[in-house]
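If you want the building blocks of each chain, they are given just below.
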Amino acid sequence: MSKKRVYVAGHRGMVGSAICRQLQSRHDVELIVKTHQELDLTSQKDVQNFFDANQIEQVYLAAAKVGGIHANNTYPADFIYQNLMIESNIVHAAHLSGVQKLLFLGSSCIYPKHAEQPMQENALLTGILEATNEPYAIAKIAGIKLCESYNRQYGRDYRSVMPTNLYGMNDNFHPENSHVIPALMRRFHEAKEANTPEVVVWGTGTPMREFLYVDDMAAASIHVMELDDEIYQQNTQPMLSHINVGTGVDCTIREMAETMAAVVGYKGKIIFDATKPDGTPRKLMDVNRLKSLGWEYQYNLFDGLKLTYSWYLENLDSFRG
């Protein structure tokens, strides 16, 4: 059986590595990956040379410069420039090399700051973005429009998926610039080890958030990539083609913290510091489009956190220092 040559850009990241794990078990796929040292995705020439040399048939575009609020606020030029370059170079080189199928991975931050909840795909470009990550969001919106434009002008089949808040193995557990789940997992674990009587969580604990385990995101990405063209087109529009990926279920930060404590085995008190910012009151994805295309999530928050914590413990040495 001949194998499809599938390039996963960003294979060392949380989502890219999860996509690779699932594709590796397939007998009909030959995975193509390159580290940043081997291929600079911000270099148009290098990316084009790579595509010219490798006869790629499918692309999962999971490569991106990512970070939390602090990083986005501190390095806005880096975030907009690098993400625009990565996606522009890959989409254009894929097209010039005759790649017909590509999947672009975006982010829920593409939606307006005050988008109606749950956020539907048609909320895109209907309002002002959240200021702290606007450059990143603009780049991700451009990625969607790149895909749609090459589809409209050249008849390509380039699709986009927009995930909710993701967590799982290969997440960033840095104490300062990680997202809420890895940051709290580390904090609860270290408090348990040190017998600390209480753990402080920023904010009131009342904001609602939706969380998706990364293996579910990978499965959804592959599902959308492999959807029959006719079914995909029946459920999307040429200029509104992106698909939300999430659980469609949210919980309060307090409930998430209590679930985290249970998973980690922390028995102390959880204190909420109401002097610290809460952020948006609610961020929930409308996932009806994805459900109508035949996909739903498998891992609830407790099970996903258990798997993530097991991985965290196995890799603890790499987080020290």
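Residues numbered from 1 in each chain as written. Predicted model: local features only at pLDDT ≥ 70, side-chain atom pairs only at ≥ 80, totals over all residues. Heavy atoms only, no water.

A. Spatial organisation of helix 11 (residues 301-314). An ideal rise of 1.5 Å per residue puts 20 Å on 14 residues; helix 11 measures up with 20 Å between its terminal C-alpha atoms. Looking at helix 11, one finds that the buried residues are Leu301, Gly304, Leu305, Thr308, Tyr309, Trp311 and Tyr312. The buried residues of helix 11 occupy one face: seen down the axis, they fall within an arc of 160 degrees. Next to the buried residues of helix 11 lie strand 6 (165-167), helix 6 (180-194), strand 9 (211-213), strand 11 (251-252) and helix 9 (253-264). (Helix = DSSP H or I, 4+ residues; strand = E, 2+ residues; numbered from the N terminus. Expected span 1.5 Å × (residues − 1). Buried < 20%, exposed > 50% of the residue type's maximum accessible area, 1.4 Å probe, protein only. Arc of directions from axis to C-beta. Contact = heavy atoms within 4.5 Å.)

B. Representation of the environment of tyrosine 299 in the model. Mapping tyrosine 299 onto the fold places it in the loop between helix 10 (288-292) and helix 11. Residues tyrosine 299 and threonine 247, spaced 52 residues apart in sequence, show a C-alpha to C-alpha distance of 9.0 Å. Each residue touching tyrosine 299, except ones within four places of it in the same chain, is listed here: Tyr213, Asp215, Asp216, Gly304 and Leu307.

C. Broad picture of the sheet that holds strand 4 (residues 101-105). Across the sheet, which stays open at both edges, the six strands sit in the order 2-1-3-4-5-10 with parallel pairing between neighbours. Only two strands of the sheet have a single partner each, and these edge strands are strand 2 (29-32) and strand 10 (243-245). Across this sheet, the average inter-strand angle for adjacent strands is 25 degrees, counted without regard to direction. Along the sheet face, helix 1 (residues 14-24) touches strand 1 (4-9), strand 2, strand 3 (58-61) and strand 4 and points at about 160 degrees away from the line of strand 1. Where helix 5 (residues 134-154) meets the sheet, its contacts fall on strand 4 and strand 5 (157-163), and the angle it forms with strand 5 comes to roughly 155 degrees. (Pairing = 2+ DSSP bridges. Axes fitted to C-alpha atoms, helices over the stretch in contact; angles between N-to-C directions.)

D. Structural context of the packing of helix 1 against helix 7 (residues 214-225). Running from N to C, helix 1 and helix 7 point in directions that differ by 65 degrees, and their axes come no closer than 8 Å. Between helix 1 and helix 7 lies a crossing of right-handed hand. For the pair helix 1 and helix 7, the contacting residues are Met14, Val15, Ala18, Ile19, Arg21, Gln22 and Leu23 in the first and Val214, Asp215, Met217, Ala218, Ala219, Ser221 and Ile222 in the second. Counted by class, the contact of helix 1 with helix 7 contains 10 nonpolar, two polar and two charged residues. (Left-handed = near helix turned anticlockwise from the far one by under 90°. Nonpolar A, V, L, I, M, F, W, Y, C, P; charged D, E, K, R; others polar.)

E. Focus on the nonpolar core. Judged by nonpolar contacts, the single largest core of 41 residues is most densely connected at Tyr7, Leu41, Phe51, Val59, Ile90 and Leu102. For this core, the secondary-structure elements that each account for two or more residues are strand 1, helix 2 (44-54), strand 3, helix 4 (76-96), strand 4, helix 5 and strand 5. Examining the composition of this core, we find that seven residues originate from one element, helix 5, more than from any other. With sequence-adjacent residues up to four places away left out, valine 59 is seen in contact with Tyr7, Phe51, Ile90, Ala94, Val99, Lys101, Leu102, Leu103 and Met225. (Core = buried A, V, L, I, M, F, W, Y, C linked by side-chain atoms within 4.5 Å.)

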